[in-house]
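Structure at a glance
Chain by chain, the residues:
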Amino acid sequence: MVQVLSAIMGHRSVVGLFSDEDSAADALDALQAANFESNEYEVLTGTPYPDGTFGEAEPVHKLYRFPLVGAICGFSVGLLLTVGTQLGWPMVTGGKPILSIPPMVIVMYEGTMLGAIIFTVIGIVFESRLPRLFMGAYDDSITEGAIGVAVTTSQDRVEDAEKVLNKAGAERVKRGWEKD
Amino acid sequence: MVDSRDAVQKYLIGRHLEPRGSRFFIVSIILSVLTIAGIVGFVLRFQDGFGQGDLWGYYVALFAFIFAAAGGAPMVAISTRIAKAHWPRSISRISELFSIVSLFGIILFIPMIWILPDMEDGRRTLWFFGKLNVPSNLPHILTTLGLVSLVLTGLFILWLSLMPDIRFLRDMSNTKKGSWLYNLSAGWIGSSRQWFMQRHRIGILGAFYFMTLIFVHFLIAVDFSMTLVPGWIDALYPVTQAHNSLQVGVATVVLTMFAVRYFGHYQDYLTIDQFRGLGKLMFALSLLWFWFWFSSFIVLWYGAKPSEKSVLELLMTGPYIWVFIAAFVLLFVVPLFTMIWNPLRRSIWGPTIIAGCVFIGAILDKIRIYVASYSVIDQAGLHEIEHVPSTIWPGFADILIWIGGLAGCVLVYMLATRILPVINIWEQKELKLYQVHKKFHRIEVQVLGKPE
């Protein structure tokens, strides 16, 4: 979606391919020095490096809010369901209060879990920007060990990005699908 | 053992893509025939309809066993990944693939919706049927909902874990846009953000999987067995079943590891480290089984009300005494008196044989519980068991159903490994980032880092 919007907004992407981690990290420094915003570039790898290996900023996300919101919604539905049915048909059972917590907990727990799981899945898809309908700038050699530094920026700055990547020692620089 | 990350990837993808030998196809055909035999068994059993619950005890036991084993197996990957351990990296996919087998379990569950009578038979349940205006088939609805949530969560974890590996396959096989591989990878490109999210989301979903697993076991244990036995009131029984799922889940992963190691020729990735690690876990879970069982037993035994004595007779000392003794020995005694020996624990054959014992013990335990429970289904509305029925032996149809059910699970798993890499490639590559061999005085030691 981001890529589609980027294309519509006149953004273009370019990826520089590096053979080692230090060159890729240097490229990020160079992009920063050339006044590219941190949300305009990202590192593409075939291995999960520890966060910040290349000096990239930790992604800002709201991943933990999704399960929390889902859990609250699910809990509320479970609570309303149990309280509603028990108040709707008030029957004293075993001398216990009409609103007895232990039997209510079961339905509330299932509601909470369901809400949390559903919202987590939605959150994951949203936060990971999946599905990625268009690849943007990408190269299969990243799978084979190359480290990609992808820059998505306005059309007039693509050439600047290419220059920075080349100067930083990129073995190859490739434009994204939007070039066509 | 290949050293560099690229070499690991090439090796594992190469191993995955290479054609399977004739043995794989012969075994697949045999398993398919056995699965069909299971379907025939089901049809034979179905001729008597769902009305006679006591005829379906073995079928329900089969479902309970498959659900316990396949549902518990992914916990091996989830728990060890949360602990940030390195040794389980090569077994995480082996355990996650069992989510697909759980899908097979859902198919087995469908007839159980008709086998379990609705609550109008007067049995006592958690749902206060007749007092609160709940639907008479509330157990069926809630269990189905819980089971589907659990399996979907497991499949989602599997998909998340698979995404980078599918991308490797996609790139290395030049898959075109629109193919199933391309779609399954959902446009994964390995950006820092995607790796970051993957790390966190697998952890969150893993925690949810665990919480749902416990809950679904609670529902199945209570609604599909305990409430059918009049006078059986045991707060620990549901959690015992959840625990047993973890125990047999670990045992199932050990057995699968053994098969993948020898038949898939992954000796370099499934080493003694993995067998020793899971062996210790299985040992601990076997000790815990005794604690749960004894805590349940002592309450009924000391209470000694007629209703409690009948329950003990039905489940332990009566018609299924030998099944109970065998299950007790295989689930607790054998692991206790074998796994305490270091040479046995520090081997590949040792934990595998013990896992086999636990696996068979769990089968017998499910048969003991579920066949016994369904044998008194006609007394479910009473306050206590009036007479304990004699042993229900498996009929020809039951034997076919069990053979077919187990064969179906193995077949589903084998076919899944045909499509999806059985060793997690990205985790192996990640391991290479943190693994260094250094000289330490006169020896060479392995130094492992930990991402924080």
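As the structure is a prediction and not an experimental result, all values here were calculated from the model. Here the residue numbering is sequential within each chain, running from 1 through the sequence in written order. In the order they appear in the text, chains get letters beginning with A and ligands get numbers beginning with 1. Since the coordinates come from a predicted model, pLDDT governs what is reported: local features require at least 70, and pairs of side-chain atoms require 80 or more to be given and counted, while whole-chain, interface and lining totals use all residues. Only hydrogens and water are set aside when side-chain values are computed; all heavy atoms of the structure are taken into account.

**A word on the overall build of chain B**
Across its full length, chain B carries 18 helices and two strands. We compute the radius of gyration from the C-alpha atoms alone; for a globule the expected value is 2.2 Å times N to the 0.38, where N is the number of residues. Whereas a compact globule of 452 residues would reach a radius of gyration of roughly 22 Å, chain B reaches 23 Å, a difference of no more than 12%. Under the scheme applied here, a residue whose accessible area is under 20% of the maximum for its type counts as buried, over 50% as exposed, and between as partly exposed, the area being computed with a 1.4 Å probe on protein chains only. Counting the 452 residues in chain B, one finds 59% classified as buried. Considering only contacts in chain B between residues 6 or more positions apart, those separated by 24 or more positions represent 78%. Total accessible area on chain B is roughly 18,200 Å²; 69% of this is exposed by carbon and sulfur atoms. Per the convention used, a helix needs a DSSP run of H or I reaching at least four residues, while a strand needs a run of E reaching at least two, with both numbered from the N terminus. Contacts are assigned to residue pairs with any non-hydrogen atoms lying within 4.5 Å of each other. Surface accessibility follows the Shrake-Rupley procedure with a 1.4 Å probe radius. Residue values consider only the protein chains on display as shielding.

**Regarding the pattern of salt bridges**
Residues and elements named next belong to chain B. Whenever a carboxyl oxygen of Asp or Glu lies within 4 Å of a side-chain nitrogen of Lys or Arg, that contact is scored as a salt bridge. In this structure the tally under the stated criterion is 15 salt bridges over all chains. For Arg45, the salt bridge goes to Asp48, with nearest N and O atoms at 3.6 Å. The buried category is assigned to Arg45, whose relative accessible area is 10%. The closest approach of N and O atoms between Asp165 and Arg93, which form a salt bridge, is 3.0 Å.

**Focus on the interface of chain B and chain A**
Facing the 52 residues of chain B at the interface are 51 residues of chain A. Two parts placed together each lose some accessible area under a 1.4 Å probe, and adding up what both lose gives the buried area. Between chain B and chain A, roughly 4,900 Å² of surface is buried when both sides are summed, and carbon and sulfur atoms account for 64% of that area. Applying the counting rule to chain B against chain A returns one salt bridge. Sort the elements by how many residues they give to the side of chain B that touches chain A and helix H10 (residues 192–223) of chain B lands first, with 17 residues.

**A look at the domain arrangement of chain A**
Domain assignment breaks chain A into domain 1 (2–50 + 134–175) and domain 2 (65–127). Throughout the structure description, domain borders are defined by an automatic or database domain assignment. Computed over C-alpha atoms only, the centres of domain 1 of chain A and domain 2 of chain A are separated by 46 Å.

**Re the packing of aromatic side chains**
All names here are of chain B. Planes of paired rings set the category: under 30 degrees apart is stacked, over 60 is edge-to-face and the rest tilted, where pairs are Phe, Tyr or Trp rings (Trp by its six-membered ring) whose centres lie within 6.5 Å. Overall, the coordinates contain 41 aromatic pairs over all chains when judged by the stated rule. Both rings, one in Phe50 and one in Trp114, keep their centres 6.4 Å apart while their planes meet at 20°; by these two values the pair is stacked. Remark: Trp114 occurs in helix H7 (residues 112–115) and Phe50 occurs in the loop between helix H2 (22–46) and helix H3 (57–72); sequence separation between them is 64 residues. Phe50 sits in the buried class, given a relative accessible area of 19%. A ring pair is formed by Phe290 and Trp293, whose centres lie 5.9 Å apart and whose planes are at 45°; its orientation type is tilted.

**A word on a nonpolar patch on the surface**
All names here are of chain B. Residues enter a patch when their relative accessible area is above 30% and they make no salt bridge; the linking distance is 9 Å between like charges and 5 Å between nonpolar side chains (Val, Leu, Ile, Met, Phe, Trp, Tyr). A cluster of nonpolar residues, Ile36, Ile39, Val40, Val43, Leu44 and Phe396, forms a patch on the protein surface that exposes about 560 Å² of accessible area. When residues in the nonpolar patch are grouped by element, the largest group, five residues, is from H2. Relative to the helices and strands, Val43 resides in helix H2. Judged by relative accessible area, Val43 falls into the partly exposed class, the value being 44%.

**Comments concerning the sheet that holds strand S2 (residues 41–44) of chain A**
Residue and element names in this part refer to chain A. Read from one edge of the open sheet, four strands run S2-S3-S1-S4, paired in antiparallel fashion. Only two strands of the sheet have a single neighbouring strand rather than two, namely S2 and strand S4 (172–175). Geometrically, the sheet is characterised by an average inter-axis angle of 20° between neighbouring strands, direction not taken into account. Paired strands, as defined in this entry, are two strands with at least two bridges between them according to DSSP. Both S2 and strand S3 (residues 147–154) contribute to a ladder of four bridges, which runs antiparallel. Paired with Tyr41 across the strands is Val151, a residue of S3. Throughout, an axis means a line fitted to C-alpha atoms (over the contacting stretch in the case of helices), and angles, computed between N-to-C directions, take values from 0 to 180 degrees. Packed onto the sheet, helix H2 (residues 21–33) meets strand S1 (11–18), S2 and S3 and runs at close to 15° relative to S3. Strands in contact with helix H5 (residues 158–167) are S1, S3 and S4; relative to S1, the strand with the most contacts, it is inclined by about 10°.

**Some points on the nonpolar core**
One finds Ile94, Tyr370 and Tyr374 of chain B to be the most contacted residues of the largest nonpolar core, which totals 131 residues. Contacts of Tyr374 of chain B, omitting those with residues within four sequence positions, involve Gly53, Asp54, Gly57, Val60, Ile115, Leu116, Phe224 and Leu228 of chain B. In these notes, a set of buried Ala, Val, Leu, Ile, Met, Phe, Trp, Tyr and Cys residues joined through side-chain atoms within 4.5 Å is what counts as a nonpolar core. Judged by nonpolar contacts, the second largest core, of 19 residues, contains Ala27, Phe36, Val149 and Leu165 of chain A.

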